[in-house]
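One-letter residues, chain by chain:
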Amino acid sequence: MRSEETVTTLDPVDVRLGARLAELRTEHGWSLGELAERSGVSRSTLSRAERAEISPTASLLNRLCGVYGRTMSQLLSEVEAEPALLVRAAEQPVWEDRASGFVRRSVSPPHTGLRGELVEGRLRPGADLAYGRPPVPGLEQHIWVLEGALDVTAQDTEHHLDAGDCLRLRVWGPTRFRCSGPDDVRYVLAVVLP
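Notes on the structure in this doc start here. The structure displayed is predicted, hence computed values, not measured ones.

## Regarding the pairing of strand E6 (residues 149-154)
Part 1 of the argument: The element E6 is largely enclosed, with a buried count of 6 among its 6 residues.
Part 2 of the argument: Residues of E6 alternate between two faces, with Ala-149, Asp-151 and Thr-153 on one and Leu-150, Val-152 and Ala-154 on the opposite face, all of them buried.
Part 3 of the argument: The sheet contact formed by E6 and strand E9 (residues 175-179) spans 5 bridges and is antiparallel. Its bridge partner lying in E9, Asp-151 is registered against Arg-178.

## Focus on the sheet that holds strand E5 (residues 139-147)
Part 1 of the argument: As summarised here, the arrangement of the 6 strands in space is E1-E2-E3-E10-E5-E8, forming an open sheet in which the pairing is antiparallel. Each of the sheet's edge strands pairs with one partner strand only, and the pair in question is strand E1 (94-97) and strand E8 (166-171). Sheet twist, expressed as the mean angle between neighbouring strand axes with direction ignored, is 20 degrees.
Part 2 of the argument: Here 8 bridges tie strand E3 (residues 116-123) to strand E10 (residues 185-192), and the two strands are oriented antiparallel to one another. Following the sheet pairing, Gly-116 is matched in E10 by Val-192.

Criteria and cut-off values
- Residues numbered from 1 in each chain as written.
- Predicted model: local features only at pLDDT ≥ 70, side-chain atom pairs only at ≥ 80, totals over all residues.
- Heavy atoms only, no water.
- Buried < 20%, exposed > 50% of the residue type's maximum accessible area, 1.4 Å probe, protein only.
- Helix = DSSP H or I, 4+ residues; strand = E, 2+ residues; numbered from the N terminus.
- Pairing = 2+ DSSP bridges.
- Axes fitted to C-alpha atoms, helices over the stretch in contact; angles between N-to-C directions.

Dropping the structure here:
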């Protein structure tokens, strides 16, 4: 497993995220060891993430979301203020996984009463983002490339998407997003809970 990036100054979002991760583990009555067994993430990494000593990667959050039965947007929304009906572009939460070159903007705020959400993703050239399992089995995704080129692998099938292309699928197993072009790729991910 890749080591997680160390944070030199405490990011307020990482602090709230770490506290929420610790709350979720406590709500389930699990020790760090039990969560490590369920998630496949080391106890030390889990502990450091809960204490905001590291900024968790997308892969780490995806593993934890899978264990807790949440999408990443749901988890991130739990550490933000109560979602509004209208979110101006300047107010949309942005989260960056510096280690993988992934930037995620929560375009539409997740809401417990709704099943769908929109996410903008950006990957640098050569960036390769792999998820071992979906946070929620059967999660519906629509991936619409706005700029650049994106290779998506799902259910052992690779799909090459250029600007304007849209891939629709239900996610049951590992997925992989790779920026295959010489420029950044920017895409919209529509996520719908089953």
